[in-house]
Amino acid sequence: MKHLISVLVENKFGTLNRVAAMFSARGFNLESISIGETEDPEISRMTIVTRGEDRIISQVLKQLNRLVDTIKVTDLTHQPHVERELLLLSLKLSKSTQHEIFELANVFKGKVVDIKQKSITIEFVGSPDKINTAIDLFRPFGIRELARSGAVAIHRGES
Amino acid sequence: MHNNGEKLIGSEIFFECLRRENVEYIFGYPGGALLKVYETLHDVEDIEHILVRHEQGATHMAEGYARATGRPGVVLVTSGPGATNTVTGIANAYMDSTPLVVFTGQVPSSLIGNDAFQEADIVGITRPITKHNFLVKDVRELATTIRKAFFLATNGRPGPVLVDMPKDVLNAECMFEWPENVDIRGFKPTIKCHANQVQKAAKMIAKAKRPLLYVGGGVITAEASEELRKLAIDQQIPVTMTLQGLGAFPGDHPLSMGMLGMHGTYWANQAVSNCDLLIAVGARFDDRVTGKVDTFATHAYKIHNDIDPTNVDKNIKVDLPVVGDSKDFLASLIEAMPKSREDRSAWIAEIEKWRKQCPLDYEIEPDSLKTEFVIDEVSKQTKGHAVVVTDVGQHQMWTSQYYKFTEPRSIITSGGLGTMGFGLPSAIGAAFGVTDRPVLLFSGDGGLMMNIQELVTAVYNKLPIKIFLINNSYLGMVRQWQELFHQEKYTFTDLASSNPDFVKVAEAFGCKAMSASNPEAARNAITEALAYNDGPVLVDFRVIRKDMVFPMVPAGGSISDMLLARLNPKTMV
């Protein structure tokens, strides 16, 4: 099953490589990985999406912990969390399609970030599932290019 | 000796840090990126630099030293090819959890990434085979980095750490500051075992009728042999050891079952297959131990103590994991044991029955030489009081079967990686670390050739290593598999027509050498070699060429199904 793992790491040269290389060396699936600085500039947060049976995931978590540059490893999958992904979607634009494109973009709360005579780029934010659906529904209009950020996630606050 | 607050250049800081880490020996080879270091070394008197002849030799020497003494081995090599030549040794140390600190010179910071002369991204190359590694970018970070490197190499599960030092960093000046304390927030190994888990383990042990201790190198690393001995004897639990665990429990004790696994003893493997409780201590359920995992110790409740949590449930699902140092585990277990326990005499009698059924034995033929005889004879003449180093292959397995290891840190061998060429240099390293026991090397002819240049290092330093060359002029273990499983197609394993005369080779290096091809000559040669202490001595034992190591579990087979002899390879017991 799919797991969403949040990892706090030292914000150092080579850390991303250490994590990615560990996944490939041990044959673990790595669906997406995203990384960025946290409120502490010495620490970065990685969000990793991986798949596997429980036994594999338990190894993934332990192997992540074993890396010297990882500070904290949390499997968010079964904990309350918010998960988001950013999609930049560039579509072909014509008089006949523009109305429909705008309408659909509205449904997904998309934001137009660039528009030219023959192309339009829309920004979407949502769960990876929502992003997948958006891509599927826009596909018939002709996708020029797309870029996805990979998931980022964080714990929900205590109530 | 320098003080905190003194202005020093990088190369002086380097040696001052090694001094403070109590380093006795550096195994190294100079080169362009290290010129400043070697300039500084000229006036360093309290740390001895051993000049090797190939950087792979340096890493294996450092491993031999580390395994013999329990202290980290230190390697110093230049950038580019100097650094890449250490890769095999580093990978070997990583697999066998040997503490090493490898220092590599690097091209000046300004040239990194430019494909400069003798540049290699050694930090990138060694990331998957080191416990951790560092590129020092600023001389002000050098001391802290070296401190961290030694700390990481020796704490928790030990392993190799690499520190890459650009040339300009070694030349730059700064105020020296020795960090007394190390705090690495991402590295907090669990040393103390969880008390509840230990309590549970104690209860399970007390009520087990057929318990078995399965002990690995972690017990040696943790210096826990005394605790192991006490637990095993008090509780009457037979002990089987992995290749790296040999010596953790005295091999001549009735409760010792020798090694388990692919070339383990028949009775150890039968005991694993029939025990009701398996207590794994400092071992990692390696595939050479378990054979087919689905049939491994299926009747047993499994307790697993290891300092590295990733070893738990990696290959075999266990019932009771106890993460922590093996010495702490065994000591707390002894404390926690209930007063009464099950009687184990029937279980021990059953094991004795298996032992008698298929003992380790061999026949002596007057005109030919069997490896088993050579190793048995060396074992008898040294009474198990020696540091025994091996290379990799048939002789290594025979050593594990026929040498009676009675003390911890008495076997040094490449277990995880199976590195041919490991033997000679690691025997050299061991001989620097240990002077109260003889250092013996058993090597095959294939493996000896892989790092034979280090004979110079042994001769030059007058190291009294006994090199027992088990010469069948075959890559014997590969040949064995070719015979058993590959239609007897002996492709590229016969070295008879290409091997040199090893006696002459040794003599050309200035090493005393002799040969033996029958038991009588072998016995005399062993006596003579053990008495010779003016430098290394090589004995070229011309053993029976096509002998095979038995018993044997075919790859992927169940350890309860062993091939017992060559004549009837299809007869499984």
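Residues numbered from 1 in each chain as written. Chains lettered and ligands numbered in written order. Predicted model: local features only at pLDDT ≥ 70, side-chain atom pairs only at ≥ 80, totals over all residues.

Another aspect to go through is the overall build of chain A. Per the secondary structure count, chain A includes 4 helices and 9 strands. Ordering the α and β elements of chain A from the N terminus gives β-α-β-β-α-β-β-α-β-β-α-β-β. Referenced to the eigenvectors of the C-alpha coordinate spread, the extents of chain A come out at roughly 55 × 40 × 35 Å. Within the span of chain A, comprising 159 residues, buried residues form 26% of the whole. (Helix = DSSP H or I, 4+ residues; strand = E, 2+ residues; numbered from the N terminus. Buried ≥ 20, exposed ≤ 12 C-beta atoms within 10 Å, placed from the backbone.)

Residues and elements named next belong to chain B. Domain boundaries in chain B define domain 1 (7–175), domain 2 (195–357) and domain 3 (371–542). When each unit is reduced to the centre of its C-alpha atoms, the spacing between domain 1 and domain 3 is 29 Å. If you list the elements that add at least two residues to the side of domain 1 that touches domain 3, you get β2 (25–28), α3 (55–69) and α5 (87–95). Top contributing element to the side of domain 1 that touches domain 3 by residue count: α3, with 11 residues. (Domains from an automatic or database assignment.)

Opposite the 13 residues of chain B that make contact, chain A presents 16 residues. For the side of chain B that touches chain A, the per-class residue count stands at 6 nonpolar, 3 polar and 4 charged. (Contact = placed C-beta atoms within 7 Å. Nonpolar A, V, L, I, M, F, W, Y, C, P; charged D, E, K, R; others polar.)

The subject of this paragraph is the nonpolar core. Core analysis: the largest hydrophobic core is formed by 183 residues, its most contacted members being Val 215 and Phe 468 of chain B. Top element by residues in this core is helix α7 (residues 142–154) of chain B. It accounts for 8 residues. (Core = buried A, V, L, I, M, F, W, Y, C linked by C-beta atoms within 7 Å.)

Residue and element names in this part refer to chain B. Close contact between helix α16 (residues 371–382) and helix α17 (residues 394–402) brings their axes to 9 Å; oriented N to C, the two are set at 45°. By the angle class used here, α16 and α17 are oblique. The element α16 and its partner α17 pack so that their crossing is right-handed. Counting all contacts with α16, which are made through Thr 371, Glu 372, Ile 375, Asp 376 and Ser 379, the residues of α17 involved are His 395, Trp 398, Thr 399 and Tyr 402. Considering only residue class, the contact of α16 with α17 consists of 3 nonpolar, 4 polar and 2 charged. (Axes fitted to C-alpha atoms, helices over the stretch in contact; angles between N-to-C directions. Parallel < 35°, antiparallel > 145°, perpendicular 65-115°, else oblique. Left-handed = near helix turned anticlockwise from the far one by under 90°.)

A few words now on the environment of Tyr 490 of chain B. Residue and element names in this part refer to chain B. Mapped onto the fold, Tyr 490 is located in the loop between α21 (476–485) and α22 (502–508). Given 15 C-beta atoms within 10 Å, Tyr 490 falls into the partly exposed group. Note: C-alpha distance between Tyr 490 and Ala 91 (399 residues apart in sequence) is 29 Å. Ignoring any residue separated from it by four or fewer positions in sequence, one finds Tyr 490 in contact with Arg 479 and Gln 482.

Here we take up the sheet that holds strand β20 (residues 537–542) of chain B. All names here are of chain B. Read across the open sheet, the 6 strands follow the order β16-β15-β17-β18-β20-β19; overall the sheet is parallel. Edge positions in the sheet fall to β16 (411–412) and β19 (512–516), since each has one partner strand and no second. Pairing analysis gives 5 bridges linking β19 to β20, with the strands arranged parallel. When the bridges of β20 are listed, Met 514 appears paired with Val 539. (Pairing = 2+ DSSP bridges.)

A common way to state how big an interface is: give the accessible area lost once the parts meet. Residue and element names in this part refer to chain A. For chain A, the assigned domains are domain 1 (2–75) and domain 2 (83–155). Put simply, the middle of domain 1 and the middle of domain 2, counted by C-alpha atoms, are 28 Å apart. Domain 1 puts 7 residues into the contact, and the matching count from domain 2 is 6 residues. Of all the elements in the fold, those that place two or more residues in the side of domain 1 that touches domain 2 are β1 (2–10), β2 (32–37) and β3 (43–51). It is β2 that contributes the most residues to the side of domain 1 that touches domain 2, 3 residues altogether. When the residues that make up the side of domain 1 that touches domain 2 are grouped by side-chain class, the tally is 3 nonpolar, 4 polar and no charged.

Let us look at the sheet that holds strand β10 (residues 239–241) of chain B. All names here are of chain B. Pairing is parallel in the open sheet, where 6 strands are placed in the order β11-β10-β9-β12-β13-β14. A single partner strand is all that each edge strand has here, and the edge strands are β11 (256–259) and β14 (320–323). This sheet shows a mean twist of 15° between the axes of neighbouring strands, independent of strand direction. Bridge count between strand β12 (residues 277–281) and strand β13 (residues 301–306): 5 bridges; the pairing is parallel. Note on β13: the bridge partner recorded for Leu 278 is Lys 302.

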